[in-house]
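Structural features, examined
Spelled out from the first residue to the last, the chains are:
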Protein chains: 2
Amino acid sequence: MTPAISPPKHVFSGVFELLERHLAQLDRFLAAQPKDFEPEIREMVVYAMAATGKRIRPALVFLSGWQGPDTVPHELIRAAAVVELIHLATLVHDDIMDDADIRRNRETAARKFGSTPAVLLGDALFAHALNLATQFSTTEVCAAVSDSTRRVCAGEIVQTMRRGSLAVSREEYSRIIELKTAELFRVSCLLGARLADAPGGYTDAAACFGRHLGVAYQIYDDLADYFGHADRIGKTLGTDLASGKVTLPLFILLERLNPSEAEALRAEVVGGHPPRLAEHSRQMRELGVFDAVQIEVESELTAAREALTPWRDRPSAGMLLGLADLLQEQLANLR
Amino acid sequence: MTPAISPPKHVFSGVFELLERHLAQLDRFLAAQPKDFEPEIREMVVYAMAATGKRIRPALVFLSGWQGPDTVPHELIRAAAVVELIHLATLVHDDIMDDADIRRNRETAARKFGSTPAVLLGDALFAHALNLATQFSTTEVCAAVSDSTRRVCAGEIVQTMRRGSLAVSREEYSRIIELKTAELFRVSCLLGARLADAPGGYTDAAACFGRHLGVAYQIYDDLADYFGHADRIGKTLGTDLASGKVTLPLFILLERLNPSEAEALRAEVVGGHPPRLAEHSRQMRELGVFDAVQIEVESELTAAREALTPWRDRPSAGMLLGLADLLQEQLANLR
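Along each chain, numbering runs from 1 in the same order as the chain's sequence is written. Labels follow written order: the first chain is A, the first ligand is 1, and so on. With the structure being a predicted model, the display of local features is reserved for residues of pLDDT at least 70 and the display and counting of side-chain atom pairs for 80 or more, all residues being used for whole-chain, interface and lining totals. Hydrogens and water are ignored here; the side-chain numbers use all heavy atoms of the structure.

Secondary structure counts use DSSP, requiring at least four H or I residues in a row for a helix and at least two E residues in a row for a strand, with both numbered from the N terminus. For chain A, the helix and strand inventory stands at 17 helices and 2 strands. For this measure, only C-alpha atoms enter the radius of gyration; the expected value for a globule follows 2.2 Å times N^0.38, where N is the number of residues. Whereas a compact globule of 335 residues would reach a radius of gyration of roughly 20 Å, chain A reaches 20 Å, a difference of no more than 12%. With the C-alpha coordinates aligned to their principal axes, the bounding extent of chain A is approximately 60 × 50 × 30 Å. Counting over 335 residues, chain A shows a buried share of 60%. Burial status follows relative accessibility: with a 1.4 Å probe on protein chains alone, a residue under 20% of its type maximum counts as buried, one over 50% as exposed, and anything between as partly exposed.

Okay, here's the thing in structure tokens:
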């Protein structure tokens, strides 16, 4: 009944080592959730929960409300579980949309149970996450999380509607990642600080940090789709281009290619020609696309750090800043 | 921008005439919701909301909290909007699963926008409904609604997994309709009474009434799929048999047919033979299936009425009892 819950090694592992007790308690809390679902669907819930994410959002809750490695307030655990379950629900629905068979070396819920039950399973996970969010003394947590969830869905809708199309602008790309990724990063930081009774100014600063870190992380992730080492980041490369998703590296490459090369690449995006990933990674290196994307990530990281500057003496701020440093290191390692 | 929101005529129209002011305020409240969604998805939200349901669940909220035709408390309007939006979200997801092209004479959201955006659109509607549910002074409404939503999804999952299969028992059928239909009827009554500050005993009684009325309504609806007049109930008949859904009339028919006829019918359920609806309606009449199902509906209506007996002098109880009478009349009219 207990899901396999060790998070995979990833970009933030350096900071995660300090969160050992927090993450262990989160694991126990999450492992106790399936019993709150109807018996008929418990097995499906356990399966979906075993596809655990990288625990980045729970980590943001813990770090924003950080009071030392041995202080693990129950309210932070519950809030971390809420954001992780929302994230898991979106993964279940994402995998239906992407028609994905495999996530983290196992069949997706959509593949295992069929896409129709997977739609409903994602819904049930959403509903349960929001139910957990009502177990705080005020409506604040549930209000923040449901608002974020709506925004995440809006971002995913825009992204989905633009797939395989060149009619997506850079402004739209920014808006999509702001909604689909940065929003849940933001609310995770906000809740962590808020539940740890941090001053209002720090809560706002942490939320602002979370938002910029989220944008930086998504751009990094989009770059890794062209430059990552599949064995190191644990996913197939080139899926964005293959699925017609226009991300920042591709935008910049299209701007820099000569007209005939750009035309050929456009045909790959709209599905007219098979994608040539190796060729485009080479072009990106030669035309300085990596550098240009790196500048964008670093500018978001700078904005994230600046939000916390007035609070840098708070241990919590120091921990969050550590995440920004780790992301910057990993970005350099992609090269 | 304003969705077309006149509810279609239906089984409960007699009581609905008394709810004119309540429903008009609900319409205005619902018409104001799309602006709370991200601009990029507002048009989709308006479209999905125009596929308005029959407003049965909002009516249950209003009647359970009834204080006369001219007293329309804002909290009841908001709660009615919450349950209606949850119901609309489930319809958006249902239509994806049923691969339905048309609902109430217009294209389904899944057909118009594609099934992938429709999954996310349903999610956004869920999230917004639960966000509205946080706008009460305590977490109680949101807790009740999110709990119900999870149960509705569980019921739909079980139903979906059993489709096209004869391995569904009568107990499972009861459980499915208890979860997928009776649950939201129950919580609608509970919230109406609760928000009107009714005594706890009445709130429990109204919830119990709602649950039994929901079961009765679903069995009636399942019977109407074999005996209804398509022009009168506004939907295609025979969809349950065609989609392999084993409902109570079919259970009873299978029990009463001779072995070779039963075998032929089983082959239709699992998709081996095309469904012969007219033949089975005739068999159901001849073998007393209609009568047997009618007894089941009436037994649920009796249980519903009994729950309210100690409270029959409350005007609210009188209104709810009117719904039970209307359903009983409509059932007789199916014949």
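Between Lys or Arg on one side and Asp or Glu on the other, a salt bridge is scored when a side-chain nitrogen of the former is within 4 Å of a carboxyl oxygen of the latter. The full count for this structure, using the stated rule, is 48 salt bridges over all chains. Between B:R162 and B:E172 there is a salt bridge whose closest N-O contact spans 2.6 Å. You can see B:R162 sitting in helix α8 (residues 140–162) and its partner B:E172 sitting in helix α9 (residues 170–195), a full 10 residues away along the chain. The class of B:E172 is buried, set by a relative accessible area of 18%. It is possible to trace a salt-bridge network through shared partners that takes in A:E38, B:D147, B:R150, B:R151, B:E183 and B:R186.

This brings us to the relation of the copies chain B and chain A. Of the two same-sequence chains, chain B is brought onto chain A (RMSD 0.0 Å, axial shift 0.0 Å) by a rotation of 180 degrees. Both copies are brought into coincidence by an operation consistent with a two-fold rotation axis. Proximity to the rotation axis, assessed at the C-alpha, singles out B:T139 in chain B; its C-alpha lies 2.6 Å from the axis. Both copies share a contact surface, since 100% of the interface residues of chain B are interface residues in chain A too. To line up the copies, we fit them by least squares on C-alpha atoms, keeping just the residues with pLDDT of at least 70 in both. The contact rule is simple, with two residues in contact once any of their heavy atoms fall within 4.5 Å.

Quick look at the environment of B:R55 now. The residue B:R55 is located in the loop between α3 (42–50) and α4 (56–64) in this model. At 3.4 Å, the side chain of B:R55 forms a polar contact with the side chain of B:E84. Here a polar contact means two N or O atoms within 3.5 Å. Within protein one must be a hydrogen donor candidate and the other an acceptor candidate, and residues neighboring in sequence count only if both atoms are side-chain atoms.

With that settled, consider the interface of chain B and chain A. At the junction of the two partners, chain B supplies 42 residues and chain A supplies 42 residues. Here's the idea: put two parts together, see how much 1.4 Å probe accessible area each one loses, and the total over both is what we call buried area. Interface area, chain B with chain A, both sides summed: about 3600 Å², of which 72% is carbon and sulfur. Our count for the contact surface shared by chain B and chain A stands at 6 salt bridges. Residue B:E38 pairs with A:R151 through a salt bridge whose shortest N-O separation is 3.5 Å. For the pair chain B and chain A, the number of links is 14 residue pairs in polar contact (both at pLDDT 80 or more). Going through the elements one at a time, α5 (74–97), α7 (115–132), α8 and α9 of chain B are the ones with two or more residues in the side of chain B that touches chain A. Considering each element in turn, the side of chain B that touches chain A owes the most residues, 14 residues, to α8(B). The residue makeup of the side of chain B that touches chain A, split by class, is 23 nonpolar, 10 polar and 9 charged. Here the term charged refers only to Asp, Glu, Lys and Arg, the term nonpolar to Ala, Val, Leu, Ile, Met, Phe, Trp, Tyr, Cys and Pro, and the term polar to all other amino acids, Gly among them.

Moving on: the packing of aromatic side chains. Put simply, two rings from Phe, Tyr or Trp (the six-membered ring, in Trp's case) pair if the centres are within 6.5 Å, and we call them stacked under 30 degrees between planes, edge-to-face over 60, tilted for the rest. Applying the stated criterion to the full structure yields 12 aromatic pairs over all chains. Taken together, a centroid distance of 5.5 Å and an interplanar angle of 85 degrees make the contact between B:Y47 and B:F113 edge-to-face. Of this pair, B:Y47 sits in helix α3 while B:F113 sits in helix α6 (residues 109–113), and the two are 66 residues apart along the sequence. Across the pair, exposure class does not vary: B:Y47 and B:F113 are buried alike. Plain terms: the ring middles of B:Y217 and B:Y220 are 6.1 Å apart, the flat faces sit at 40 degrees to each other, and that makes the pair tilted. Residue B:Y217 and its partner B:Y220 are both found in helix α10 (residues 200–227); the two are separated by 3 residues, about one turn of the helix. These aromatic residues form a ring-pair network of at least three members: A:F185, A:Y217 and A:Y220. Two conditions define a charge located above a ring, namely a distance within 6 Å from the ring centre to NZ of Lys or CZ of Arg, and an angle within 35 degrees of the ring normal. Cation over ring: A:R314 sits above A:Y202, and NZ or CZ is 4.6 Å from the ring centre.

Residue and element names in this part refer to chain B. For D222, the location among the structural elements is in helix α10. Lys and Arg are tallied as positive, Asp and Glu as negative. Neither His nor the chain termini are counted. As a buried residue without a salt bridge, D222 has its nearest oppositely charged side chain in K180, at a separation of 5.2 Å. At 2.6 Å, the side chain of D222 forms a polar contact with the side chain of Y173. With near-sequence residues (within four places) excluded, D222 lies in contact with Y173, I177, D240, T247 and P249.

Okay, the packing of helix α16 (residues 289–308) of chain A against helix α17 (residues 315–334) of chain A next. Residues and elements named next belong to chain A. At a minimum axis separation of 10 Å, α16 and α17 run at an interaxial angle of 175 degrees. Accordingly, the angle class assigned to the pair α16 and α17 is roughly antiparallel. Across the interface between the two elements, F290, Q294, V297, E298, L301, R305 and L308 from α16 touch A317, L320, L321, A324, D325, L327, Q328, L331 and L334 from α17. Classifying every residue of the contact of α16 with α17 gives 11 nonpolar, 2 polar and 3 charged. Note on geometry: axes are C-alpha line fits, over the in-contact stretch for helices, and angles between N-to-C directions span 0 to 180 degrees. Working definition: roughly parallel below 35 degrees, roughly antiparallel above 145 degrees, roughly perpendicular at 65 to 115 degrees, and oblique for all remaining angles.

A few words now on helix α14 (residues 259–269) of chain B. All names here are of chain B. Along α14, the positions that sit buried rather than exposed are A262, L265, A267, E268 and V269. Where α14 is buried, its residues meet α12 (239–242), α13 (248–256) and α15 (277–286). Of the residues flanking the end of α14, it is G271, one or two places downstream, whose phi is positive at about 90 degrees.

As a further point, take the environment of A:S115. Residues and elements named next belong to chain A. Residue placement: S115 occurs in helix α7 (residues 115–132). Using a relative accessible area of 38% as the deciding quantity, one classes S115 as partly exposed. Counting along the chain gives 71 residues from S115 to R186, while the straight-line C-alpha distance between them is 30 Å.

Located in the positive-phi region is A:D197, a residue other than glycine, with phi close to 55 degrees. The topology assignment puts A:D197 in the loop between α9 (170–195) and α10 (200–227). A positive phi is found at B:R55, a non-glycine position, where the angle reads about 65 degrees. What makes B:R55 buried here is its relative accessible area of 1%.

Residues and elements named next belong to chain A. At their nearest, the axes of helix α13 (residues 248–256) and helix α15 (residues 277–286) sit 10 Å apart, and the two run at 70 degrees to each other. Classified by the interaxial angle, the pair formed by α13 and α15 is roughly perpendicular. Touching P249, L250 and L253 of α13 are H280, Q283 and M284, all from α15.

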